Amino acid sequence: TINVTINNGLAGGDYGFSGDSTCNASDTYDNAFASDVAFVLAGTYENYLCVNATDTVGNVGYGLVGLLNIDNQPPVVLNVSSAMSDASYGAGTPVSITVKFNETVRVTGTPRVLLNLSPSARYVSYMSGNGTDTLTFQYSVQAGDYSPDLNYRENSSLELNSGTITDRADNAAVLTLPNIGAAGSLGVNKDIIIDGIAPSVTNVTATTANGAYAAGDTITVTAQFDENVFVDTGLGTPRIELETGTT
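Predicted, not measured: the structure shown is a model, and the values here were computed from it.

A. Broad picture of the overall build of the chain. Secondary structure assignment for the chain yields 1 helix and 19 strands. Buried positions account for 32% of the 247 residues belonging to the chain. Long-range contacts, defined as pairs at least 24 residues apart, comprise 67% of the intrachain contacts of the chain with a sequence gap of at least 6. For the chain, the accessible surface area stands at approximately 14,600 Å², while carbon and sulfur atoms represent 48% of it.

B. Main features of the side chain of asparagine 151. Residue placement: asparagine 151 occurs in the loop between β14 (146–147) and β15 (158–159). At a separation of 3.5 Å, a polar atom in the side chain of asparagine 151 contacts the main-chain amide nitrogen of glycine 187. Once you skip the residues sitting within four places of it in the chain, asparagine 151 turns out to touch Leu115, Asn116, Ile180, Leu186 and Gly187.

C. Highlighting the sheet that holds β14. Spatial strand order, β8-β17-β14: 3 strands in an open sheet with mixed pairing. The outermost strands of the open sheet, each flanked by one partner alone, are β8 (88–89) and β14. Summarising the sheet, β14 and strand β17 (residues 193–195) pair through 2 bridges and their orientation is antiparallel. Residue pairing for β17: tyrosine 146 is matched across the bridge by aspartate 195.

D. Broad picture of the pattern of salt bridges. Tallying each qualifying case throughout the model produces 5 salt bridges. When the shortest N-O distance is used, the salt bridge between aspartate 86 and lysine 190 registers 3.5 Å. Highlighted residues: aspartate 86 in the loop between β7 (77–81) and β8 and lysine 190 in the loop between α1 (186–189) and β17, separated in sequence by 104 residues. The shortest N-O distance in the salt bridge between lysine 100 and aspartate 133 comes to 2.7 Å. Linking lysine 100 in strand β9 (residues 94–101) with aspartate 133 in the loop between β12 (122–128) and β13 (134–140), this pair joins segments that are 33 residues apart in sequence.

E. Structural context of unusual backbone geometry. The amide bond that connects serine 118 to the next residue, proline 119, takes the cis arrangement and shows omega of 0°. On the secondary structure map, proline 119 appears in the loop between β11 (112–115) and β12. Positive phi, close to 55°, is recorded for asparagine 161, a residue that is not glycine. A residue is classified by how much of its surface remains accessible, and asparagine 161, at 36% relative accessible area, is partly exposed. For serine 162, which is not glycine, the phi torsion reads 70° and is therefore positive. On the secondary structure map, serine 162 appears in the loop between β15 and β16 (164–166).

The rules behind each value
- Residues numbered from 1 in each chain as written.
- Predicted model: local features only at pLDDT ≥ 70, side-chain atom pairs only at ≥ 80, totals over all residues.
- Heavy atoms only, no water.
- Helix = DSSP H or I, 4+ residues; strand = E, 2+ residues; numbered from the N terminus.
- Buried < 20%, exposed > 50% of the residue type's maximum accessible area, 1.4 Å probe, protein only.
- Contact = heavy atoms within 4.5 Å.
- Areas by Shrake-Rupley, 256 points an atom, 1.4 Å probe, with all protein chains shown as cover.
- Polar contact = N/O pair within 3.5 Å; in protein donor to acceptor, adjacent residues only side chain to side chain.
- Pairing = 2+ DSSP bridges.
- Salt bridge = Lys/Arg side-chain N within 4 Å of Asp/Glu carboxyl O.

What follows is the structure, encoded as C-alpha coordinates:
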(Lines give C-alpha, C1' and ligand atoms only; values in the text may rest on other atoms or scores of the structure.)
Protein backbone atom coordinates (compact mmCIF):
# COMPACT_ATOMS: atom_id res chain seq x y z
CA THR A 1 0.00 0.00 0.00
CA ILE A 2 1.30 3.48 -0.92
CA ASN A 3 0.01 6.72 0.60
CA VAL A 4 -0.03 9.70 -1.80
CA THR A 5 -0.66 13.34 -0.76
CA ILE A 6 -1.43 16.15 -3.25
CA ASN A 7 -1.63 19.61 -1.66
CA ASN A 8 -0.22 23.16 -1.70
CA GLY A 9 -3.30 25.13 -2.68
CA LEU A 10 -4.80 22.89 -5.36
CA ALA A 11 -8.35 23.35 -6.60
CA GLY A 12 -8.63 19.79 -7.89
CA GLY A 13 -7.61 17.46 -10.68
CA ASP A 14 -7.35 13.81 -11.50
CA TYR A 15 -4.86 11.00 -11.30
CA GLY A 16 -4.43 7.66 -13.03
CA PHE A 17 -1.99 5.20 -14.51
CA SER A 18 -0.07 5.13 -17.77
CA GLY A 19 1.60 2.18 -19.44
CA ASP A 20 4.66 4.31 -20.22
CA SER A 21 6.39 7.31 -18.68
CA THR A 22 4.43 9.87 -20.76
CA CYS A 23 1.97 12.02 -18.81
CA ASN A 24 0.13 14.84 -20.63
CA ALA A 25 -1.93 17.75 -19.36
CA SER A 26 -4.56 16.94 -21.98
CA ASP A 27 -5.12 13.44 -20.61
CA THR A 28 -8.04 12.85 -18.29
CA TYR A 29 -7.70 10.09 -15.77
CA ASP A 30 -10.34 8.08 -13.95
CA ASN A 31 -9.77 9.28 -10.39
CA ALA A 32 -10.86 12.87 -9.74
CA PHE A 33 -10.04 14.79 -6.60
CA ALA A 34 -11.13 18.17 -5.20
CA SER A 35 -8.70 20.51 -3.42
CA ASP A 36 -5.92 19.03 -1.38
CA VAL A 37 -6.19 15.25 -1.14
CA ALA A 38 -4.55 12.24 0.41
CA PHE A 39 -5.33 8.83 -1.01
CA VAL A 40 -4.15 5.27 -0.69
CA LEU A 41 -3.12 3.14 -3.64
CA ALA A 42 -3.90 -0.51 -3.11
CA GLY A 43 -4.59 -3.48 -5.32
CA THR A 44 -2.08 -4.50 -7.97
CA TYR A 45 -0.33 -2.00 -10.24
CA GLU A 46 2.75 -2.07 -12.42
CA ASN A 47 2.34 1.28 -14.15
CA TYR A 48 3.33 4.95 -13.98
CA LEU A 49 1.26 7.22 -11.73
CA CYS A 50 0.28 10.47 -13.48
CA VAL A 51 -1.35 13.47 -11.78
CA ASN A 52 -3.05 16.44 -13.49
CA ALA A 53 -3.89 19.29 -11.14
CA THR A 54 -5.33 22.83 -11.21
CA ASP A 55 -4.37 25.41 -8.63
CA THR A 56 -6.72 27.94 -7.06
CA VAL A 57 -6.12 30.56 -9.79
CA GLY A 58 -6.69 28.16 -12.71
CA ASN A 59 -3.18 27.15 -13.66
CA VAL A 60 -3.05 23.58 -14.95
CA GLY A 61 -0.09 21.31 -14.36
CA TYR A 62 0.73 17.69 -14.75
CA GLY A 63 3.43 15.41 -13.49
CA LEU A 64 4.82 11.93 -13.42
CA VAL A 65 4.95 10.68 -9.85
CA GLY A 66 6.89 7.57 -10.79
CA LEU A 67 6.76 3.91 -11.68
CA LEU A 68 4.74 2.01 -9.12
CA ASN A 69 4.91 -1.69 -8.51
CA ILE A 70 2.14 -2.28 -6.00
CA ASP A 71 1.23 -5.85 -5.22
CA ASN A 72 -0.91 -6.79 -2.26
CA GLN A 73 -2.37 -9.92 -3.84
CA PRO A 74 -1.14 -13.26 -2.44
CA PRO A 75 0.03 -16.08 -4.71
CA VAL A 76 -2.55 -18.83 -5.16
CA VAL A 77 -2.20 -22.44 -6.31
CA LEU A 78 -3.48 -23.14 -9.83
CA ASN A 79 -2.54 -26.74 -10.40
CA VAL A 80 -0.97 -29.83 -8.82
CA SER A 81 0.59 -32.42 -11.12
CA SER A 82 3.74 -34.45 -11.71
CA ALA A 83 6.39 -34.71 -14.40
CA MET A 84 6.43 -38.49 -13.87
CA SER A 85 4.73 -40.84 -16.31
CA ASP A 86 1.42 -42.45 -15.45
CA ALA A 87 2.68 -45.78 -14.13
CA SER A 88 3.15 -47.92 -11.02
CA TYR A 89 6.08 -47.13 -8.71
CA GLY A 90 7.47 -49.49 -6.08
CA ALA A 91 9.51 -49.25 -2.88
CA GLY A 92 12.66 -47.17 -3.16
CA THR A 93 11.48 -45.14 -6.15
CA PRO A 94 11.69 -41.33 -5.85
CA VAL A 95 8.27 -39.81 -6.61
CA SER A 96 7.83 -36.08 -7.24
CA ILE A 97 4.84 -33.77 -7.60
CA THR A 98 4.64 -30.16 -8.76
CA VAL A 99 2.59 -27.28 -7.33
CA LYS A 100 2.03 -24.39 -9.75
CA PHE A 101 1.18 -20.88 -8.52
CA ASN A 102 -0.27 -17.94 -10.44
CA GLU A 103 2.99 -16.01 -10.06
CA THR A 104 6.65 -16.41 -9.15
CA VAL A 105 7.20 -17.40 -5.53
CA ARG A 106 10.10 -17.46 -3.12
CA VAL A 107 10.64 -20.33 -0.69
CA THR A 108 12.46 -20.64 2.61
CA GLY A 109 12.73 -23.79 4.70
CA THR A 110 11.13 -27.05 3.61
CA PRO A 111 7.39 -26.81 2.94
CA ARG A 112 5.67 -30.13 2.36
CA VAL A 113 2.51 -31.78 1.02
CA LEU A 114 0.69 -34.62 2.78
CA LEU A 115 -0.06 -37.52 0.44
CA ASN A 116 -3.03 -39.83 0.86
CA LEU A 117 -1.30 -43.20 1.11
CA SER A 118 -2.19 -46.43 2.89
CA PRO A 119 -1.65 -47.56 5.56
CA SER A 120 -0.02 -44.26 6.62
CA ALA A 121 -0.03 -40.86 4.97
CA ARG A 122 3.40 -39.56 3.99
CA TYR A 123 4.86 -36.15 3.17
CA VAL A 124 6.54 -35.06 -0.02
CA SER A 125 9.06 -32.36 0.89
CA TYR A 126 10.03 -29.25 -1.08
CA MET A 127 12.99 -29.91 -3.36
CA SER A 128 13.27 -27.09 -5.93
CA GLY A 129 11.56 -24.21 -7.71
CA ASN A 130 12.51 -21.13 -5.68
CA GLY A 131 12.16 -18.04 -7.90
CA THR A 132 9.72 -19.72 -10.32
CA ASP A 133 5.96 -20.28 -10.36
CA THR A 134 6.27 -24.08 -9.97
CA LEU A 135 7.58 -25.89 -6.90
CA THR A 136 8.69 -29.53 -6.91
CA PHE A 137 8.22 -31.85 -3.93
CA GLN A 138 9.68 -35.35 -3.60
CA TYR A 139 9.67 -38.48 -1.44
CA SER A 140 10.84 -42.08 -1.83
CA VAL A 141 8.25 -44.87 -1.80
CA GLN A 142 8.51 -46.88 1.41
CA ALA A 143 7.82 -50.59 1.79
CA GLY A 144 4.11 -51.02 2.43
CA ASP A 145 3.03 -47.73 0.84
CA TYR A 146 0.02 -48.04 -1.44
CA SER A 147 -2.28 -45.82 -3.47
CA PRO A 148 -4.27 -46.86 -6.55
CA ASP A 149 -4.36 -43.21 -7.71
CA LEU A 150 -1.88 -40.90 -5.99
CA ASN A 151 -3.33 -37.73 -4.51
CA TYR A 152 -2.85 -35.39 -1.57
CA ARG A 153 -5.03 -36.02 1.48
CA GLU A 154 -7.14 -32.82 1.31
CA ASN A 155 -7.03 -29.31 -0.07
CA SER A 156 -5.21 -28.10 3.06
CA SER A 157 -2.36 -30.60 2.65
CA LEU A 158 0.24 -28.00 1.62
CA GLU A 159 2.06 -27.07 4.84
CA LEU A 160 4.79 -24.49 5.45
CA ASN A 161 6.54 -26.71 8.01
CA SER A 162 8.14 -23.60 9.60
CA GLY A 163 9.17 -22.31 6.16
CA THR A 164 7.63 -19.61 3.96
CA ILE A 165 6.17 -19.27 0.47
CA THR A 166 5.82 -15.64 -0.64
CA ASP A 167 5.81 -13.54 -3.80
CA ARG A 168 8.38 -10.83 -4.58
CA ALA A 169 6.29 -8.32 -2.61
CA ASP A 170 6.40 -10.63 0.43
CA ASN A 171 2.72 -11.49 0.25
CA ALA A 172 2.27 -14.89 1.92
CA ALA A 173 0.91 -17.54 -0.44
CA VAL A 174 -2.56 -18.99 -0.02
CA LEU A 175 -1.86 -22.66 0.67
CA THR A 176 -5.23 -24.04 -0.47
CA LEU A 177 -4.89 -26.77 -3.11
CA PRO A 178 -7.57 -27.67 -5.69
CA ASN A 179 -10.31 -29.77 -4.13
CA ILE A 180 -9.91 -33.53 -4.36
CA GLY A 181 -11.46 -34.71 -7.63
CA ALA A 182 -11.65 -31.19 -9.07
CA ALA A 183 -9.85 -29.85 -12.12
CA GLY A 184 -6.25 -29.05 -11.27
CA SER A 185 -5.93 -31.70 -8.55
CA LEU A 186 -3.18 -34.32 -8.65
CA GLY A 187 -5.55 -37.28 -8.95
CA VAL A 188 -7.33 -35.73 -11.93
CA ASN A 189 -4.14 -34.67 -13.71
CA LYS A 190 -2.23 -37.93 -13.25
CA ASP A 191 -2.75 -41.69 -12.91
CA ILE A 192 0.15 -42.62 -10.67
CA ILE A 193 0.00 -45.87 -8.69
CA ILE A 194 2.12 -46.31 -5.57
CA ASP A 195 2.74 -49.98 -4.77
CA GLY A 196 5.33 -50.64 -2.12
CA ILE A 197 3.73 -53.96 -1.14
CA ALA A 198 5.73 -57.03 -2.17
CA PRO A 199 3.67 -59.83 -3.79
CA SER A 200 3.24 -62.93 -1.65
CA VAL A 201 2.50 -66.57 -2.47
CA THR A 202 -1.06 -67.65 -1.66
CA ASN A 203 -1.05 -71.20 -2.98
CA VAL A 204 1.25 -73.91 -4.36
CA THR A 205 -0.15 -76.90 -6.25
CA ALA A 206 0.56 -79.19 -9.21
CA THR A 207 -1.39 -79.44 -12.44
CA THR A 208 -0.09 -83.01 -12.84
CA ALA A 209 -2.59 -85.66 -11.70
CA ASN A 210 -2.03 -87.52 -8.45
CA GLY A 211 -0.07 -90.73 -8.93
CA ALA A 212 3.34 -92.32 -9.01
CA TYR A 213 5.96 -91.01 -11.40
CA ALA A 214 9.27 -92.48 -12.45
CA ALA A 215 12.58 -90.99 -13.46
CA GLY A 216 12.21 -88.78 -16.54
CA ASP A 217 8.55 -87.99 -15.95
CA THR A 218 7.54 -84.34 -15.88
CA ILE A 219 5.62 -82.85 -12.97
CA THR A 220 4.31 -79.28 -13.28
CA VAL A 221 4.12 -77.22 -10.09
CA THR A 222 2.38 -73.83 -9.93
CA ALA A 223 2.81 -71.01 -7.40
CA GLN A 224 -0.03 -68.48 -7.15
CA PHE A 225 0.58 -64.92 -5.90
CA ASP A 226 -1.85 -62.35 -4.53
CA GLU A 227 -1.25 -60.07 -7.55
CA ASN A 228 0.17 -60.19 -11.04
CA VAL A 229 3.92 -60.68 -11.09
CA PHE A 230 6.60 -60.27 -13.74
CA VAL A 231 9.57 -62.62 -14.02
CA ASP A 232 12.94 -61.33 -15.19
CA THR A 233 15.29 -64.21 -16.06
CA GLY A 234 18.13 -61.87 -16.95
CA LEU A 235 19.91 -62.60 -13.66
CA GLY A 236 18.79 -66.19 -13.22
CA THR A 237 15.81 -68.55 -13.29
CA PRO A 238 13.53 -68.76 -10.24
CA ARG A 239 13.03 -72.30 -8.91
CA ILE A 240 11.31 -74.27 -6.13
CA GLU A 241 13.07 -76.85 -4.01
CA LEU A 242 10.87 -79.96 -3.68
CA GLU A 243 10.87 -82.56 -0.95
CA THR A 244 11.19 -85.92 -2.76
CA GLY A 245 11.86 -88.21 0.18
CA THR A 246 14.82 -89.32 2.22
CA THR A 247 18.13 -89.41 0.36
